[in-house]
Amino acid sequence: MAFTIRIFEKNEYIYRLLKKRLGCFYPEAYIVNPYIDEQDYEERFSDFTRVLYDPANIDEEEIADISSPIRLTEDGGIIDCARLISLLMPTEDTPSFTKTVTTGSITAVIPFVYSDVRDNFIRELYSGPDNAGYNIRLDFTSKLRSLWHRSSGCNMTALLEACKQKRFVPEDILKYCNMDDYGFLTPGSTANYDDVYDLGVGRSITLINHAADLAHSRNRSVNVLAVMEGFRTNDLPELLANCDKVYILLPARNAAEDLGARELINLITRTLGQERVSVYYAEDFTTHRSAEENIVQRRLVV
């Protein structure tokens, strides 16, 4: 059945994301934006039209004559495509992907290398096919060592502060994230240089436990990557307890011969089990060029 999805969205980048995501589930639909697409030839071949809108872009009175327009954003400014897809068509015609959500995983990376080498390793780690709806990155590091810096009310400090509240639930992590230049949803760096450590290790443990609950939930498909630096060795077992996989990244093979490195590897392996711990060396993987920083995200599309 051919139909039209009309999206009132002034941000062209957001519109392109929506068109690509919705088009995967409704390939027979004509997806248009009245602000960009000038002509309406698609209506000649459509059985009906559904309208998506954001009150920030259009006055609701302008679409008052349209039957059942669908609001794009939820609380926190998140555009949840799974919700939109379920509302676009009658229940019997809706794709069944929302009924088969599987759990994701939480992975920790403990790097002892320069930050650019660390991030090249992470990009290689996540370069393969991935069916997760969300890939979240949390940098438990100093501000200087965090990958993503952007002036915003959403940052790692705000998330660490919020997670101590009794009303905080794992899904709230998404409210503090935006898309970075490599496809991760992340709160980015802390507001101040050492907030991760100044707030105490207990706060980081609380947040990573929430992140593990989010990754292991069947309500959403989520993968979480936690980058951990600067913690006391004795605190690592509790920080890593709920991680499905831990990668220890060393600069070279001879670094593994260092007494401190051997003790760290043995401690984590004894705590988590050998199957959950892997040691990598920077000399063993290819360095990729940094991606161009040309993505501007106003809101989160998931």
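For the structure itself, consult the block above.
These remarks concern the structure in this document. The shown structure was predicted, so the numbers you read here are calculated from the model rather than taken from an experiment.

### A short note on the overall build of the chain
- If you tally the helices and strands in the chain, you get eight helices and 13 strands.
- In the chain, which comprises 302 residues, the proportion classed as buried is 48%.
- Intrachain contacts of the chain at a sequence separation of at least 6 include 77% that bridge at least 24 residues.
- Summed over its atoms, the accessible surface of the chain is roughly 15700 Å², and 46% of this surface lies on carbon and sulfur atoms.

### Some remarks on helix 2 (residues 81-88)
- Buried within helix 2 are the following residues: C81, L84, I85 and L88. Each buried residue of helix 2 lies within a common arc of 100° when the element is viewed along its axis, so the set occupies one face.

### Things to note about the packing of aromatic side chains
- All told, the structure shown has eight aromatic pairs when counted by the stated rule.
- Arranged with centres 5.0 Å apart and planes meeting at 15°, the rings of F3 and F48 form a pair that is stacked. Here the residue F3 occupies a position in the segment before strand 1 (4-8), and F48 occupies one in the loop between strand 2 (30-32) and strand 3 (49-53), the gap between them amounting to 45 residues.
- With a centroid separation of 5.2 Å and an interplanar angle of 75°, the aromatic rings of Y126 and F184 are classed as edge-to-face. Of this pair, Y126 sits in the loop between helix 3 (115-125) and strand 7 (134-140) while F184 sits in the loop between strand 8 (178-179) and strand 9 (185-186), placing them 58 residues apart in sequence.
- Judged by relative accessible area, Y126 falls into the partly exposed class, the value being 26%.
- Through successive ring pairs, a cluster of aromatic residues spans F3, Y26 and F48.
- Across the ring face of Y35, the terminal group of K10 is positioned such that the distance to the ring centre comes to 5.6 Å.
- One residue, R123, lies across the ring of Y182, its end atom 4.4 Å from the ring centre.

### Describing the sheet that holds strand 2
- Judged by pairing direction, the sheet is parallel, and its four strands sit side by side in the order 2-1-3-4 without closing on themselves. This sheet does not close on itself; its edge strands, each paired only once, are strand 2 and strand 4 (70-71).
- One ladder, built from two bridges, connects strand 3 with strand 4; its direction is parallel. Its bridge partner lying in strand 4, Y53 is registered against R71.
- Contacts from helix 1 (residues 12-25) reach strand 1, strand 2 and strand 3 within the one sheet, and its direction differs from that of strand 2 by about 170°.

### Brief notes about the pattern of salt bridges
- Inspection of the entire model under this criterion finds nine salt bridges.
- Residues D119 and R137 are paired through a salt bridge, measuring 2.8 Å at the closest nitrogen-oxygen approach. Here D119 is found in helix 3, whereas its partner R137 is found in strand 7, with 18 residues between them in sequence. Neither D119 nor R137 differs from the other in exposure class; each is buried.
- Each of R118, D119, R137, D139, R145 and E229 takes part in a single network of salt bridges with overlapping partners.

### Here's the deal with the packing of helix 1 against helix 2
- Two numbers describe how helix 1 lies on helix 2: the axes approach to 11 Å, and their chain directions differ by 50°. Between helix 1 and helix 2, the angle falls in the class oblique. For the element pair helix 1 and helix 2, the recorded crossing hand is right-handed. Facing L18, R21, L22 and F25 of helix 1, the residues of helix 2 in contact are C81, L84, I85 and L88.

### Regarding the side chain of H210
- For H210, the position within the fold is in helix 6 (residues 201-216).
- With relative accessibility at 16%, the residue H210 sits in the buried group.
- For H210, the residues in contact, after removing those within four places along its chain, are C163, F168, P170 and I173.

### With respect to the side chain of S146
- In this structure, S146 sits in the loop between strand 7 and helix 4 (156-162).
- The buried category is assigned to S146, whose relative accessible area is 6%.
- When residues no more than four places from it in sequence are discounted, the contact partners of S146 are R118, D139, T141, G188 and S189.

### Description of the nonpolar core
- Counting 46 residues, the largest nonpolar core has I136, F140, L240 and I268 as the members making the most contacts within it.
- For this core, the leading source of residues is helix 6, giving seven residues.
- Sequence-distant contacts of I136, that is, excluding residues within four places in its chain, are made with I173, L174, C177, F184, L185, L214, V222, N223, V224 and L225.
- Membership of the second largest hydrophobic core comes to 19 residues, among which are I5, L52, I79 and L84.

### A closer look at helix 8 (residues 259-272)
- The terminal C-alpha atoms of helix 8 lie 20 Å apart, and with 14 residues this matches the ideal 20 Å at 1.5 Å per residue to within 8%.
- Buried residues of helix 8: A261, L264, I265, L267, I268 and L272, and no others. Seen along its axis, helix 8 keeps its buried residues to an arc of 160°; they face one direction. In helix 8, the exposed positions angled more than 90 degrees off the buried face are occupied by L259 and R270.
- Where the residues of helix 8 are buried, they touch strand 6 (106-111), helix 7 (236-240), strand 11 (245-250) and strand 12 (277-281).
- A positive phi of about 100° marks G273, the residue just after helix 8.

Basis of the calculations
- Residues numbered from 1 in each chain as written.
- Predicted model: local features only at pLDDT ≥ 70, side-chain atom pairs only at ≥ 80, totals over all residues.
- Heavy atoms only, no water.
- Helix = DSSP H or I, 4+ residues; strand = E, 2+ residues; numbered from the N terminus.
- Buried < 20%, exposed > 50% of the residue type's maximum accessible area, 1.4 Å probe, protein only.
- Contact = heavy atoms within 4.5 Å.
- Areas by Shrake-Rupley, 256 points an atom, 1.4 Å probe, with all protein chains shown as cover.
- Arc of directions from axis to C-beta.
- Phe/Tyr/Trp six-rings, centres within 6.5 Å; stacked < 30°, edge-to-face > 60°.
- Lys NZ or Arg CZ within 6 Å of the ring centre and 35° of its normal.
- Pairing = 2+ DSSP bridges.
- Axes fitted to C-alpha atoms, helices over the stretch in contact; angles between N-to-C directions.
- Salt bridge = Lys/Arg side-chain N within 4 Å of Asp/Glu carboxyl O.
- Parallel < 35°, antiparallel > 145°, perpendicular 65-115°, else oblique.
- Left-handed = near helix turned anticlockwise from the far one by under 90°.
- Core = buried A, V, L, I, M, F, W, Y, C linked by side-chain atoms within 4.5 Å.
- Expected span 1.5 Å × (residues − 1).

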